[in-house]
Amino acid sequence: MNENDVVKYSRPQEGEESLRFILREVNGDRVLIELICDWPIKPVETVPIDQVCVADE
């Protein structure tokens, strides 16, 4: 995975299957992801790198 890749949760909870994120930063075993949405301020989250994978779509 590289910065600016589109990623998704690797083990999504119910209702999270369709969420897609832009990978903004890789920092060791953690990544910063930004939700792809049309909101003016996009939510960002830091998660362990094994919780996301590259989205195939």
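Structure: above.
Residues numbered from 1 in each chain as written. Predicted model: local features only at pLDDT ≥ 70, side-chain atom pairs only at ≥ 80, totals over all residues. Heavy atoms only, no water.

(A) How the structure looks around the side chain of Glu-34. Inspection of the secondary structure assignment puts Glu-34 in strand S3 (residues 30-35). Relative accessible area serves as the criterion here: at 16%, Glu-34 is assigned to the buried category. A polar contact is formed between the side chain of Glu-34 and the side chain of Arg-24, at a distance of 3.2 Å. Every residue in contact with Glu-34, bar those within four places of it in the chain, is listed here: Arg-20, Phe-21, Ile-22, Arg-24, Lys-42, Pro-43 and Val-44. (Helix = DSSP H or I, 4+ residues; strand = E, 2+ residues; numbered from the N terminus. Buried < 20%, exposed > 50% of the residue type's maximum accessible area, 1.4 Å probe, protein only. Polar contact = N/O pair within 3.5 Å; in protein donor to acceptor, adjacent residues only side chain to side chain. Contact = heavy atoms within 4.5 Å.)

(B) Structural view of the state of the cysteines. Scanning all chains against the criterion turns up zero disulfides. In this structure Cys-37 is not part of a disulfide, and its nearest cysteine sulfur, from Cys-53, lies 19 Å away. (Disulfide = S-S within 2.5 Å.)

(C) Representation of the pattern of salt bridges in the model. Following the criterion strictly, the structure yields one salt bridge and no others. Across the pair Arg-24 and Glu-34 runs a salt bridge whose closest N-O atoms are separated by 3.2 Å. Residue Arg-24 is located in strand S2 (residues 21-27), and its partner Glu-34 is located in strand S3; the two are separated by ten residues in the primary sequence. Judged by its relative accessible area of 33%, Arg-24 is partly exposed. (Salt bridge = Lys/Arg side-chain N within 4 Å of Asp/Glu carboxyl O.)

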